[in-house]
Amino acid sequence: MSRDAAIQASTSLLDSGAFLEELSRRVAFRSESQNPASAAELDRYLVEEMQPELHAMGFTTEIVPNSVPNRGPFLIAQRIEDPAAPTVLIYGHGDVVHGQDAAWREGLSPWTVTPEGERWYGRGTADNKGQHGINLAALREVLAVRGGKLGFNAKVLLEMGEESGSPGLAAICRDRAAELKADVLIASDGPRLSADRATIFLGSRGAFNVGLEYKARERAYHSGNWGGVIRNPATVMANAIASMVDGQGRLKVEGLLPPPMPNSVRAAISGLTVGGGETDPAIDEDWGAEGLTPAERLFGWNTLEVLAMGAGNPDAPMNAVPNAAKATVQLRYVAGTDASAIVPAIRAHLDAHGFGMVQIAESDREASPATRLDPDSPWVRWASASIAQTLGRPPAILPNIGGSLPNHVFADILGLPTLWVPHSYAACSQHAPDEHVLVPVVREGLALMAGLFWDLGENAPKA
Ligand SMILES: [Zn+2]
């Protein structure tokens, strides 16, 4: 049957060497968005690699300069078959983090794809050239097998600044909302739950940092002469933090807890295991919110983490009461938590517990808001059934990843249901030397994406 033919055509790109050749060409672009010297490569990746590929599939394309000065451009592409058909928006990023050329293992280079057994090494193989490359390759094969038709409309948004915090991404989605209008986002980035478990994740947790500071006096005073009669900022800060998160990692600030976990989220999380990979830390079962499993704590709840703290000099203590203490705490939070209430809740909590002297410093920022598509969404059931049919086993459904992605731009600004189908795994060394993809995961990715795009033209959920 034709669905099988599309999947077969997609995975044969791996066997023929065509996918490796394509990825090698793309990895050779030194598209480091954090390196100003590589600025020209950002344009070149879109103009020399992406535009020809998309034109060959019948897309119209436009390179859009970034509204933020000196940042990488975007590419918007469209292929409209029938305005009444469903429309998918495909997102990816062609920029990479620093190559760190000198730090790679002997025999490897960030700018050359080096196959070694089941691993292909190279900067961007996992994050993100390999992942969006898989999606475009699968799309191309579905188009060919269906005789030059997809059965749906496709739009593509590529950015060249994700590794620098996606400057201008929210702005282009606001400015070009009409052109980017779609029924669903399908994108690939980040890791699977584990290498052998196909995964769909539906959003990301948010991260909000809060700087705390208590400066009691201009200088430290001798602890023999003054200890016991002047307030110790280190003691105050330690107790202020302890009032917010206890010795078992349990969040004590009422206003920072999420709303009750929806049943659909609890159900999605219930078969998931956290950790277990070769480089993963051991899980502390008795750490974190009471009455939850480790997976519920990580994917379905909020946590307050102390990122840094300091007073005096821990490496060279002096007989003195320090004059000041500082800390940075971070709330990792799930959708449904009101980010604008975080600072007021901490302020009210500190005041109520006698820590009015602890100031909330101006370092507060909201790096990435939380998002989560309801696991009960028809789009999730559709994608899950499609992947199960292709691979013969259902994917893991993560309501959100624990970390962050610019998903709020798609979920909130464009208002799209967001399906992320990662083609990498946690130990891929993304952002480090020796970044790589796993060939079996690439093979499954080529297959399941061809299945998804095939099904999108057959039985997409009605909007
Ligand atoms: Zn990255």
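Residues numbered from 1 in each chain as written. Predicted model: local features only at pLDDT ≥ 70, side-chain atom pairs only at ≥ 80, totals over all residues. Heavy atoms only, no water.

Draft legend 1. Broad picture of unusual backbone geometry. Cis geometry is adopted by the peptide bond preceding N128, which originates at D127 and carries an omega value of 10 degrees. Backbone geometry places Q100, a non-glycine residue, at a positive phi of 55 degrees. By secondary structure assignment, the location of Q100 is in the loop between β3 (87–93) and β4 (114–116). Even without being glycine, H431 reaches a positive phi, approximately 70 degrees. Within the secondary structure, H431 is located in the loop between β19 (418–420) and β20 (436–438). Accessibility expressed as a relative area gives 42% for H431, which makes it partly exposed. (Helix = DSSP H or I, 4+ residues; strand = E, 2+ residues; numbered from the N terminus. Buried < 20%, exposed > 50% of the residue type's maximum accessible area, 1.4 Å probe, protein only.)

Draft legend 2. Looking closely at the coordination of the zinc ion. Looking at the zinc ion, one finds its protein donor set to be D127 (OD), E163 (OE), E163 (OE) and H431 (NE2), positioned 1.9 to 2.6 Å from the metal centre. Of note is the zinc ion, whose 4 donor atoms meet at the metal with angles of 54 to 136 degrees in an arrangement that counts as irregular. Site description for the zinc ion: donor spacing in sequence, D-x35-E-x267-H. Pair noted here: D127 is in the loop between β5 (119–121) and α4 (129–145) and H431 is in the loop between β19 and β20, with a separation of 304 residues, a long-range link. (Donors = N, O, S within 2.8 Å, 3.2 Å for Na, K, Ca; no water. Tetrahedral: all angles 85-135°; square planar, octahedral: opposite > 155°, others 65-115°.)

Draft legend 3. Inspection of the sheet that holds β20 at higher detail. If you trace the 3 strands from one edge of the open sheet to the other, you get β4-β5-β20, paired in antiparallel fashion. The open sheet terminates on both sides in strands that have one partner only, identified here as β4 and β20. Across the sheet, the mean angle from the axis of one strand to that of its neighbour is 20 degrees, orientation sign disregarded. With 3 bridges joining them, β4 and β5 adopt antiparallel strand pairing. The residue bridging P115 from the neighbouring strand is W120, located in β5. (Pairing = 2+ DSSP bridges. Axes fitted to C-alpha atoms, helices over the stretch in contact; angles between N-to-C directions.)

Draft legend 4. A look at the pattern of salt bridges. Under the criterion given, the structure shown has 26 salt bridges. Between R140 and E22 there is a salt bridge whose closest N-O contact spans 3.0 Å. Of this pair, R140 sits in helix α4 while E22 sits in helix α2 (residues 18–27); the two residues are 118 residues apart in sequence, bridging distant segments of the chain. Residue classification places R140 among the partly exposed positions, given a relative accessible area of 23%. Overall, the relative accessible area of 9% leaves E22 in the buried class. (Salt bridge = Lys/Arg side-chain N within 4 Å of Asp/Glu carboxyl O.)

Draft legend 5. The arrangement of the environment of T61 in detail. By the secondary structure assignment, T61 is in strand β1 (residues 60–64). Each C-alpha atom, one on T61 and one on A40, is 19 Å from the other, the two residues being 21 residues apart in sequence. Discounting chain neighbours no more than four positions away, the residues touching T61 are Q51, L54, H55, I76 and A77. In terms of polar contacts, T61 uses its side chain to reach the side chain of Q51, at 3.0 Å. Among the polar contacts made by the side chain of T61, one reaches the side chain of H55 at a distance of 2.8 Å. (Contact = heavy atoms within 4.5 Å. Polar contact = N/O pair within 3.5 Å; in protein donor to acceptor, adjacent residues only side chain to side chain.)

Draft legend 6. Structural view of the nonpolar core. Grouped together as the largest cluster of nonpolar side chains are 69 residues, with contacts concentrated most on F19, L54, L419 and M449. When residues in this core are grouped by element, the largest group, 12 residues, is from helix α14 (residues 439–459). Excluding its chain neighbours within four sequence positions, the residues that come into contact with L419 are V184, L185, I186, A187, I200, F201, L202, L373, W379, V380, W382 and A383. Among the nonpolar cores identified, the runner-up in size contains 32 residues, and L157, L272, L398 and I401 belong to it. (Core = buried A, V, L, I, M, F, W, Y, C linked by side-chain atoms within 4.5 Å.)

Draft legend 7. Local environment of the packing of aromatic side chains. Applying the stated criterion to the full structure yields 9 aromatic pairs. Taking the centre distance of 6.0 Å and the plane angle of 70 degrees together, the rings of Y91 and W420 count as edge-to-face. Residue Y91 is found in strand β3, and its partner W420 is found in strand β19; the two are separated by 329 residues along the sequence. Summarising the burial analysis for this pair, Y91 and W420 share the class buried. Feature note: the residues Y91, F201, F410 and W420 constitute an aromatic cluster, connected by ring pairs. Sitting above the plane of the Y121 ring, R105 keeps its charged end 5.3 Å from the centroid. Positioned above the aromatic ring of W454, the side-chain terminus of R146 is 3.8 Å from the ring centre. (Phe/Tyr/Trp six-rings, centres within 6.5 Å; stacked < 30°, edge-to-face > 60°. Lys NZ or Arg CZ within 6 Å of the ring centre and 35° of its normal.)

Draft legend 8. Representation of the side chain of R79. Locating R79 in the fold gives a position in strand β2 (residues 74–79). By relative accessible area, R79 is classed as buried at 9%. A polar atom in the side chain of R79 sits 2.7 Å from the side chain of E81.

Draft legend 9. Structural view of the environment of S2. In this fold, S2 is placed in helix α1 (residues 2–15). S2 gets classed as partly exposed once you look at its relative accessible area, which sits at 37%. Along the primary structure S2 and V145 are separated by 143 residues, whereas in three dimensions their C-alpha atoms are 7.0 Å apart.

Draft legend 10. Representation of the side chain of S384 within the structure. Looking at the secondary structure, you find S384 in helix α12 (residues 378–391). Judged by its relative accessible area of 17%, S384 falls in the buried class.

Draft legend 11. Molecular detail of helix α3 (residues 39–56). The end-to-end C-alpha separation of α3 is 26 Å, in line with the 26 Å expected for 18 residues at 1.5 Å each. Of all the bends found along α3, the most pronounced is centred on M50 and spans about 35 degrees, while P52, a proline, follows it within four residues. Listing the buried residues of α3 in full gives E41, L42, Y45, L46, E49, M50, Q51, E53 and L54. For α3, the secondary structure elements touched by its buried residues are α2, β1, β2, α4 and β6 (153–159). (Expected span 1.5 Å × (residues − 1). Bend = angle between axes of the 7 residues up to and from the residue.)

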